[in-house]
Amino acid sequence: MSEKSLDSSKIAVLGAGNLGYAIAKRLKESGYEVIVTGRREAVLESLKKMGCRVTNNRDAVSEADFVIITVKPKDLDSLIDEIRDCAEGKIIISFVAMKKLEDIRMNAKIVRAMSNILCEYGLAFTAYYCEFDDDEIESILSKLGDVYKAKDEKEVDLMTAFSGSAPAFVAKIIESFIYAGLNSGLNAEVSKKCALSVFKATSEALKTQSPEEFIIKVTTPAGTTIQGLRKLMEHRVDFAIVDALQATARRAMGS
Ligand SMILES: NC(=O)C1=CN([C@@H]2O[C@H](COP(=O)(O)OP(=O)(O)OC[C@H]3O[C@@H](n4cnc5c(N)ncnc54)[C@H](OP(=O)(O)O)[C@@H]3O)[C@@H](O)[C@H]2O)C=CC1
Ligand SMILES: O=C(O)[C@@H]1CCC=N1
């Protein structure tokens, strides 16, 4: 266990945009001292109001015990050049998709991590991989939601699809439920409310039973559900989902 207590750990989040904002907000709400950098005034102002300190990258890295990087892949190299000398010996947690440990060349302890935007609510699934031990890394990441220590770096790349991008796929499917409701004469508000309820409750139910078991319980022989399931099979929705995640994972692995 690190000698630092949770209260005394300072965490810097470099590049507060979509993900950085969510992580900084959640860590601040969890009791950490959070320092942020970025280029979006509205985001920085909002984090400042929550009690985060806003500064530049070099000051943030110099002051922090842990440094979280959430810039886009194209901005990583210049950020590394900027902070290289202040980052010596620090623990750096990179959430940058597609950038491997070997791409983050600094005299620091590097952690590869992948999470998703649901960390804002403490509901993300975060995978991480590093080649050293420090219990506080898992303790910090656990504030974002579920945590998984990956067996190798490849698993973190795969999680870019299965965790990082996946909320967009789920949102796309929920959007289709809303259009289906509209198509059948339900208003958008009711359709959305119903879809969110069904997705949430089904996730809960599947914690203790297999999808197959659950489907059979819902499906009356020659009833209504089988008609819909037949259409899903006809349109090969299962293949579409496997393909979508595979294509995403392939890009995450660098092809
Ligand atoms: N969005 C998501 O759901 C997820 C994202 N990720 C990863 O997180 C990273 C960030 O994604 P996302 O939050 O969507 O991206 P954003 O573009 O929303 O956020 C990154 C922010 O960093 C700023 N920035 C760029 N360079 C610097 C710098 N040198 N110093 C300070 N700030 C800088 C950008 O400025 P500017 O506005 O000028 O571009 C931008 O505001 C990516 O690498 C992505 O792969 C991982 C999982 C989920
Ligand atoms: O689309 C992307 O590349 C990033 C990584 C995972 C989610 N957003």
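Being a predicted model, the structure only gives us computed values, none of them experimental. (Residues numbered from 1 in each chain as written. Chains lettered and ligands numbered in written order. Predicted model: local features only at pLDDT ≥ 70, side-chain atom pairs only at ≥ 80, totals over all residues. Heavy atoms only, no water.)

### Description of the overall build of the chain
Here is the rule we go by: A run of H or I in DSSP counts as a helix once it spans at least four residues, and a run of E counts as a strand once it spans at least two, with each numbered from the N terminus. Burial status follows relative accessibility: with a 1.4 Å probe on protein chains alone, a residue under 20% of its type maximum counts as buried, one over 50% as exposed, and anything between as partly exposed. Pairs of residues are marked as contacts when any of their non-hydrogen atoms sit within 4.5 Å.
Secondary structure assignment for the chain yields 10 helices and eight strands. In terms of overall dimensions, the chain has a C-alpha envelope of 70 × 40 × 35 Å along the principal axes. Per-residue burial for the chain yields a buried fraction of 39% across its 255 residues. Long-range contacts, defined as pairs at least 24 residues apart, comprise 52% of the intrachain contacts of the chain with a sequence gap of at least 6.

### Here we look at helix 7 (residues 188-205)
Keep this limit in mind: By definition here, a helix of n residues has an expected span of 1.5 Å times n minus one. By the criterion applied in these results, polar contacts are pairs of N or O atoms within 3.5 Å in which, for protein atoms, one can donate a hydrogen and the other can accept it, and in which residues neighboring in sequence qualify only through two side-chain atoms.
For helix 7, spanning 18 residues, the distance from its first C-alpha to its last is 26 Å, which sits close to the expected 26 Å at 1.5 Å a residue. Two or three places before Glu189, at the start of helix 7, stands the capping residue Asn187, its side-chain oxygen 3.0 Å from that residue's backbone nitrogen.

### Examining the site of ligand 1
Filter applied, for reference: Nearness of a residue to a molecule or strand requires only that one of the residue's heavy atoms be within 4 Å of it. To be clear on the numbers: accessible area is Shrake-Rupley with a 1.4 Å probe, and residue cover counts the displayed protein chains and nothing else.
Residues in contact with ligand 1 amount to 21 residues; listed here are only the nearest, Asn18, Leu19, Asn57, Val71 and Lys72. A distance of 2.9 Å is found between an oxygen atom of ligand 1 and a backbone nitrogen or oxygen belonging to Asn18. Between an oxygen atom of ligand 1 and a main-chain N or O atom of Ala97, the distance comes to 3.1 Å. Relative to its unbound accessible surface of 880 Å², ligand 1 loses 84% to contact with the protein.

### Focus on the nonpolar core
Stated precisely, the cut-off is as follows: Think of a nonpolar core as a cluster: buried Ala, Val, Leu, Ile, Met, Phe, Trp, Tyr and Cys residues, connected wherever their side-chain atoms sit within 4.5 Å.
Core analysis: the largest hydrophobic core is formed by 31 residues, its most contacted members being Leu27 and Ile137. Ranked by residues supplied to this core, first place goes to helix 1 (residues 18-29) with five residues. Beyond its immediate sequence surroundings of up to four residues, Ile137 is in contact with Phe66, Ile91, Ile93, Val111, Tyr128, Cys130 and Phe132. Membership of the second largest hydrophobic core comes to 29 residues, among which are Ala64, Ile69, Ala108 and Ala150.

### Focus on the site of ligand 2
Operational definition: As a working rule, the residues Ala, Val, Leu, Ile, Met, Phe, Trp, Tyr, Cys and Pro are called nonpolar, Asp, Glu, Lys and Arg charged, and the rest polar, with Gly in that last group.
Close to ligand 2 lie Ala97, Thr160, Gly164 and Ser165. Burial of ligand 2 by the protein chains amounts to 44% of its free accessible area of 250 Å². By residue class, the composition of the shell around ligand 2 is one nonpolar, three polar and no charged.

### As for the domain arrangement of the chain
The accessible area lost on association of the parts is a frequent measure of interface size. Stated formally: Note that the domain bounds were set by an automatic or database domain assignment. By buried area we mean the combined loss of accessible area, with a 1.4 Å probe, across both parts when two parts are placed together.
Along its sequence, the chain is organised into domain 1 (10-150) and domain 2 (162-253). One C-alpha centre belongs to domain 1, the other to domain 2, and the line joining them spans 32 Å. At the junction of the two partners, domain 1 supplies seven residues and domain 2 supplies six residues. Summing both sides of the interface, domain 1 and domain 2 together bury roughly 480 Å²; the carbon and sulfur share of this comes to 60%.

### Some remarks on the UniProt feature "domain: Pyrroline-5-carboxylate reductase catalytic N-terminal" (unreviewed entry) in the chain
Rules: UniProt positions are given in the numbering used here, feature names are shortened, and annotations may be inferred rather than shown by experiment.
Mapped onto this structure's residue numbering, the UniProt feature "domain: Pyrroline-5-carboxylate reductase catalytic N-terminal" (unreviewed entry) falls at residues 10-97. With 41% helix and 23% strand, residues 10-97 has end C-alpha atoms that lie 24 Å from one another.

### Some words on the confidence of the model for the chain
Should pLDDT be low for a region, the predicted coordinates there are not to be read in detail. Formally: pLDDT: the predictor's confidence for each residue, scored from 0 to 100.
When pLDDT is averaged along the chain, the result is 96, and 97% of the positions lie at 70 or above. pLDDT under 50 marks residues 1-5. Its contacts with residues more than four places away, or in other chains, come to seven contacts. Confidence estimates for the predicted assembly give a pTM of 0.96 and an ipTM of 0.99.

### Comments concerning the packing of helix 1 against helix 2 (residues 41-49)
The condition is simple: To obtain each axis, a line is fitted to C-alpha atoms, and for helices this fit is confined to the stretch in contact; angles are then taken between N-to-C directions over 0 to 180 degrees. Angles below 35 degrees are treated as roughly parallel, those above 145 as roughly antiparallel, those between 65 and 115 as roughly perpendicular, and all remaining angles as oblique.
In contact at an axis separation of 10 Å, helix 1 and helix 2 are set at 5° when each is read in the N-to-C sense. The orientation of helix 1 with respect to helix 2, classified from their angle, is roughly parallel. Here Tyr21, Ala24 and Lys25 of helix 1 come into contact with helix 2, specifically with Val43, Ser46 and Leu47. Split by residue class, the contact of helix 1 with helix 2 holds four nonpolar, one polar and one charged.

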